[in-house]
Amino acid sequence: MTRLAAVLGWRLAQALVVAMAVGTMSFFLMRSLPGDMAYRIAASRYGLDMVTGAAAAAVRAELHLDRPAVEALALWWSNLLRLDLGVSAVTGRPVWSEIAEQLGHTARLAAAALTLSVILGIPTGFLAGLRPRSWLDRCSLALAVVFRATPPFLVGLFLIIGLSLRSGLAPAAGPDDAAGLALPALTLALGLAASSSRVARDAMARTAAAPFLEFARTKGLTDRAAVVRHALRNAATPVVAYLGVQLAFLLEGVVVVETLFAWPGIGHALVHALFGRDIPMVQGTVLVLGLGLVLLSTAVDIVCLVLDPRPRA
Amino acid sequence: MKTPLGARHESIEDLSSSVAAKYAGFGILGVIAAIAVLGPTLAGESPYTQHLDRVLLPPGPGGLLGTDYLGRSNLARLAYAIRLSSGLAVVSVLSAAVPGTLLGLVAAWRGGWLDRVIALVADATLALPGLLFILLLLGFAPGTIWPFYVGLALALWVEYFRLVRASSAVLLASQQVEASHLLGFGLPYIIRRHLLPELMPMVLTVSTFGVVTAVLTMATAGYIGFGLRPPTAELGLMMSEAFPYWVEAPWLLAAPVLTLVLVVTALTLVAARRHE
C-alpha cells in the first residue's frame with residue numbers, strides 16, 4: 001500500500017506544479033496582450049460596434065484587469081485552486097461548459113486511436129518477438145522505422161490523399177459518424193503502433209529467452225500453454241509501462257490531428273483559442289490536457305503495480 | 001504451434017544498429033547538408049522571388065526542383081527551409097543539453113532536497129509536452145521563432161537531467177571516483193576525467209533525438225498553421241502551400257516531405273545504439 005501512496009503523492013505534487021505553471025504563464029499571457037484588454041475582450045464578446053465604456057468597465061472589473069499585477073496574480077491563482085477557469089473571452093460562456101462539450105470528442109478520438117494501436121501493434125509485436133528474425137519481425141521492423149520517421153501530420157496527409165481524395169473511402173473531416181472517426185484515429189494509431197509493436201517485440205523476445213520459460217516447457221507444458229500462462233504477463237509489464245510514455249505522444253498528436261481533420265475536441269479548441277487570443281480558453285484547455293496526462297499516467301502506474309507487485313530494486 | 005522458444009535472444013533492432021545503416025544515415029545527412037549549402041547558388045535566386053509567368057514548372061533545366069504556385073524556386077526554398085530547421089534544432093538542443101546536464105550533475109552530487117525539487121520540476125515538465133509549451137509561448141508572439149527555441153529547450157532539458165542524474169549517481173558512488181576523491185582531486189577533475197567520458201556518448205544520442213523532435217515540431221506547427229508565417233521558407237509551410245496542388249505538381253509536395261522523412265530516418269540511423 002505504501003508504494004501506491006508514494007505513486008499517488010508524487011503524481012498529486014506533479015499535478016499541482018503543472019497547474020501553477022500553466023496558470024502563471026496564462027496570467028502573463030493575458031497581461032502581455034497589446035492594447036486595452038477590457039476593450040479587446042468587450043469587442044470580441046459584443047461585436048465591434050457595440051463596445052461602450054460601460055461594457056469595457058464591466059469586463060475590467062470581472063477579470064480584475066484594474067488591480068495591480070501581484071494582487072491580480074494571487075486572485076488568478078485562487079480562482080484556479082477553486083477550479084474556476086473563468087469565462088471564454090470569445091463566446092462569453094464558462095470555460096468549463098465549453099470544455100465539457102469538447103472533452104467527449106477528444107476522449108472518443110483518443111480511445112479509438114489507443115484501441116486501434118493496441119490491436120495493430122501489440123499482437124504483431126508479440127508474434128515477432130516469439131520468432132525473432134522471421135519475415136514478420138523484419139516487416140514489422142521496416143514498417144515501424146517508416147512510421148516513426150513520419151510525424152502524425154504527414155501520416156494524416158497521406159491518408160487524406162490516399163483514402164479520401166483518391167478513393168473516397170472515408171471522409172476527410174467531420175465528427176458526425178463512425179466513418180469520420182476512421183482517418184484521425186488511424187493517423188494517431190499508426191504512429192503509436194509503430195513504437196509499441198517494437199517494445200512488445202523486445203519484451204516478448206526477452207521473455208521467450210528467459211530460463212523460467214525453458215523450465216515451463218521442460219516440465220511438459222505445450223508451447224502455447226507456456227506462452228499464455230507464463231510469457232504474456234511477464235512481457236506485458238514493459239508494454240503497459242511504455243503506454244505511459246506514449247501518452248505524451250498521444251496528447252501532442254490529438255492537438256495536431258484534431259486541427260488537421262477539423263475534429264471539434266480540446267486540441268482544436270486550443271489552437272482556435274490561440275488564434276482568437278482567448279486566454280481563459282487557452283488556460284483551460286492546456287490545463288485539462290496536462291492534468292489529463294497526469295491522471296492517465298497515474299492509471300498506468302497503478303496497472304504496472306498490479307501487474308508486477310515485486311518491490312523495485 | 002511451432003515456436004522456437006529456446007531461440008537465443010538476438011540483438012535488438014539489428015537492422016538499424018549495423019554499421020552500414022549508420023554510414024547510410026551519415027550519407028543521407030551529407031546530401032541534405034549539400035542541398036542546404038549549395039541550393040541557393042544552384043537556384044541562382046532568392047526563395048522569395050516570384051515569377052508569375054512560370055508557376056508550377058516541373059523539375060528540369062528551368063528550375064532544378066521546379067517552381068511553386070508563385071513561380072518561386074523550389075530548390076532555393078528547400079535550401080532555406082533546411083537551414084532554418086537545422087539552426088533551430090541545434091540552438092534549442094544546445095540550450096536544453098547544457099542546463100539539463102548541469103542540473104543532473106548538481107542533483108547527483110548534492111542529493112537531498114535539491115535533488116527532490118529538481119526531480120519534481122522535471123516530472124511536472126513531462127506532463128506538458130513540448131507542443132503545449134510552444135503553443136502557450138506562441139500566444140505571446142504569434143508567427144515568430146523564439147517560442148520554438150524556448151519551448152523546445154523547456155521540454156527537452158528533462159531527458160538530459162534524468163539521464164545524467166541517473167548515470168552520475170552510479171558513477172559518483174564508484175570506487176574510481178572515491179579513489180580520486182581520496183587522492184585530493186576536486187569536483188572539476190572528477191567531472192572531467194570520470195563523468196564526462198561516460199556521459200558524453202549518451203548525451204549525444206539524446207541530442208540526436210532532440211534534433212529530430214525540434215525539426216518535426218517546427219514542421220508540424222508550420223503545416224497546421226500556428227508556426228511561422230508565409231512567405232517564410234519552412235518545411236511544414238512548404239507542405240501546406242503545396243498540398244492544394246498535389247495533383248498538378250506532386251514534386252512540389254514531395255520535396256519537403258521527402259526531406260523531412262529522410263532527415264528523421266537518417267538521424268535515427270545515426271543515433272541507434274548498438275545493442276550488445
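Everything quoted here is computed from the prediction, not taken from an experiment. (Residues numbered from 1 in each chain as written. Chains lettered and ligands numbered in written order. Predicted model: local features only at pLDDT ≥ 70, side-chain atom pairs only at ≥ 80, totals over all residues. Heavy atoms only, no water.)

### So, the overall build of chain A
Reasoning step 1: When you go through chain A residue by residue, the secondary structure sums to 12 helices and zero strands.
Reasoning step 2: Reading chain A from its N terminus to its C terminus gives the helix and strand order α-α-α-α-α-α-α-α-α-α-α-α.
Reasoning step 3: Dimensions of chain A, computed from C-alpha atoms along their principal axes, come out at roughly 85 × 55 × 30 Å.
Reasoning step 4: Within chain A, the fraction of its 313 residues that count as buried is 49%. (Helix = DSSP H or I, 4+ residues; strand = E, 2+ residues; numbered from the N terminus. Buried < 20%, exposed > 50% of the residue type's maximum accessible area, 1.4 Å probe, protein only.)

### Examining the overall build of chain B
Reasoning step 1: Across its full length, chain B carries 10 helices and zero strands.
Reasoning step 2: When the elements of chain B are put in sequence order from the N terminus, they spell out α-α-α-α-α-α-α-α-α-α.
Reasoning step 3: For chain B, the C-alpha atoms occupy an extent of roughly 75 × 55 × 45 Å along the three principal directions.
Reasoning step 4: Expressed as a percentage of the 276 residues in chain B, the buried residues total 50%.
Reasoning step 5: For chain B, restricting intrachain contacts to residue pairs at least 6 apart in sequence, the fraction spanning at least 24 positions comes to 69%.
Reasoning step 6: Across chain B, the mean location of the 16 positive side-chain charges is 7 Å away from that of the 15 negative side-chain charges. (Contact = heavy atoms within 4.5 Å. Lys, Arg positive; Asp, Glu negative; His and termini not counted. Charge placed at Lys NZ, Arg CZ, Asp CG, Glu CD.)

### So, the pattern of salt bridges
All names here are of chain A.
Reasoning step 1: Considering all chains together, one arrives at 10 salt bridges over all chains under this definition.
Reasoning step 2: A salt bridge links D301 to R11; the nearest nitrogen and oxygen atoms lie 2.8 Å apart. Here R11 lies in helix α1 (residues 2-32) and D301 lies in helix α12 (residues 279-307), a separation of 290 residues in the sequence.
Reasoning step 3: Its relative accessible area of 22% is what places D301 among the partly exposed residues.
Reasoning step 4: Taking the shortest distance from any N to any O, the salt bridge between R201 and D137 comes out at 2.9 Å. (Salt bridge = Lys/Arg side-chain N within 4 Å of Asp/Glu carboxyl O.)

### Focus on helix α4 (residues 112-126) of chain B
Reasoning step 1: In this model α4(B) runs 22 Å from its N-terminal to its C-terminal C-alpha over 15 residues, within 8% of the 21 Å that 1.5 Å per residue would give.
Reasoning step 2: Restricting attention to buried positions, one finds in α4(B) the residues D115(B), I118(B), L120(B), A122(B), D123(B), A124(B) and T125(B).
Reasoning step 3: Considering only its buried residues, α4(B) is in contact with α1 of chain A together with α3 (74-110), α5 (130-140) and α6 (146-172) of chain B. (Expected span 1.5 Å × (residues − 1).)

### Focus: the packing of aromatic side chains
All names here are of chain B.
Reasoning step 1: Overall, the coordinates contain four aromatic pairs over all chains when judged by the stated rule.
Reasoning step 2: With centroids separated by 5.9 Å and ring planes inclined at 55 degrees, the aromatic side chains of W157 and F161 adopt a geometry described as tilted. You can see W157 and its partner F161 sitting in helix α6, four residues apart, about one turn around the helix. Considered together, W157 and F161 belong to a single accessibility category, that of buried residues.
Reasoning step 3: Between the NZ or CZ atom of R83 and the centre of the ring of Y80, over which it lies, the distance is 5.1 Å. (Phe/Tyr/Trp six-rings, centres within 6.5 Å; stacked < 30°, edge-to-face > 60°. Lys NZ or Arg CZ within 6 Å of the ring centre and 35° of its normal.)

### Here we look at the interface of chain A and chain B
Reasoning step 1: Contacts between chain A and chain B engage 61 residues on the former and 49 residues on the latter.
Reasoning step 2: Carbon and sulfur atoms make up 76% of the area that chain A and chain B hide from each other, which totals about 5000 Å².
Reasoning step 3: Among the residues of chain A in contact with chain B, W10(A), M25(A) and F153(A) are the three that bury the most area, contributing 14% of the side total.
Reasoning step 4: Linking chain A with chain B are four residue pairs in polar contact (both at pLDDT 80 or more), by the criterion used here.
Reasoning step 5: When residues of the side of chain A that touches chain B are traced back to their parent elements, those giving at least two are α1, α6 (135-149), α7 (152-166), α8 (178-208), α9 (211-218), α10 (223-260), α11 (266-276) and α12 of chain A.
Reasoning step 6: The class makeup of the residues in the side of chain A that touches chain B is 41 nonpolar, five polar and 15 charged. (Buried area = accessible area lost by both parts, 1.4 Å probe. Polar contact = N/O pair within 3.5 Å; in protein donor to acceptor, adjacent residues only side chain to side chain. Nonpolar A, V, L, I, M, F, W, Y, C, P; charged D, E, K, R; others polar.)

### A short note on the packing of α11(A) against α12(A)
All names here are of chain A.
Reasoning step 1: Packing of α11 against α12 brings their axes to within 8 Å, and their N-to-C directions diverge by 150 degrees. The orientation of α11 with respect to α12, classified from their angle, is roughly antiparallel. The element α11 and its partner α12 pack so that their crossing is left-handed. Every residue of α12 that contacts α11 at I266, A269, L270, A273 and L274 is listed here: M281, V282, T285, V286, V288 and L289.
Reasoning step 2: For the contact of α11 with α12, a count of residues per class yields 10 nonpolar, one polar and no charged. (Axes fitted to C-alpha atoms, helices over the stretch in contact; angles between N-to-C directions. Parallel < 35°, antiparallel > 145°, perpendicular 65-115°, else oblique. Left-handed = near helix turned anticlockwise from the far one by under 90°.)

### Things to note about unusual backbone geometry
Reasoning step 1: At the junction of P230(B) and P231(B), the peptide bond is cis and its omega measures out at 10 degrees in the coordinates.
Reasoning step 2: Here P231(B) lies in the loop between α8 (187-224) and α9 (235-242).
Reasoning step 3: The backbone phi angle of R133(A) is positive, close to 70 degrees, even though this residue is not glycine.
Reasoning step 4: By the secondary structure assignment, R133(A) is in the loop between α5 (95-130) and α6.
Reasoning step 5: Among the residues examined, R133(A) registers a relative accessible area of 36% and is labelled partly exposed.
Reasoning step 6: Here the phi dihedral of A262(A) falls at roughly 50 degrees; this positive angle occurs in a residue that is not glycine.
Reasoning step 7: Mapped onto the elements, A262(A) comes out in the loop between α10 and α11.
Reasoning step 8: The exposure class of A262(A) is partly exposed, given its relative accessible area of 40%.

### With respect to the nonpolar core
Reasoning step 1: F153(A), L132(B), M239(B), L253(B) and L260(B) are the most contacted members of the largest nonpolar core, which has 145 residues in total.
Reasoning step 2: Contact partners of F153(A), with chain neighbours within four places excluded, come to V256(A), L260(A), A219(B), T220(B), Y223(B), M239(B) and L260(B). (Core = buried A, V, L, I, M, F, W, Y, C linked by side-chain atoms within 4.5 Å.)

### Focus on a nonpolar patch on the surface
Reasoning step 1: Together, V37(B), L38(B), L42(B) and L64(B) make up an exposed nonpolar region whose accessible area comes to about 400 Å².
Reasoning step 2: Within the secondary structure, L64(B) is located in the loop between α2 (19-43) and α3. (Patch = residues over 30% accessible without salt bridge, like charges linked within 9 Å, V, L, I, M, F, W, Y side chains within 5 Å. Areas by Shrake-Rupley, 256 points an atom, 1.4 Å probe, with all protein chains shown as cover.)

### Observations concerning the side chain of E258(A)
All names here are of chain A.
Reasoning step 1: Inspection of the secondary structure assignment puts E258 in helix α10.
Reasoning step 2: Comment: no salt bridge for buried E258; closest opposite-charge side chain is R108, at 9.8 Å.
Reasoning step 3: A distance of 3.3 Å separates a polar atom in the side chain of E258 from the backbone nitrogen of I266.
Reasoning step 4: There is a polar contact of 2.6 Å between the side chain of E258 and the backbone nitrogen of G267.
Reasoning step 5: When neighbours within four sequence positions are excluded, E258 is seen to be in contact with T106, L109, G253, W263, G265, I266, G267 and H268.

### Considerations on the confidence of the model for chain B
All names here are of chain B.
Reasoning step 1: The predicted model of chain B averages 82 in pLDDT, with 91% of residues at 70 or higher.
Reasoning step 2: Between the elements of chain B, mean pLDDT differs from a low of 51, seen in helix α1 (residues 14-17), to a high of 90, seen in α3.
Reasoning step 3: Model confidence for the complex: the whole-complex pTM is 0.83, and ipTM, which rates the interface, is 0.79. (pLDDT = per-residue confidence, 0-100.)

### Points about the side chain of Q283(A)
All names here are of chain A.
Reasoning step 1: With respect to the helices and strands, Q283 occurs in helix α12.
Reasoning step 2: Judged by its relative accessible area of 3%, Q283 falls in the buried class.
Reasoning step 3: Other than its neighbours up to four places away in sequence, Q283 contacts V22, G23, S26, W76, L80 and L85.

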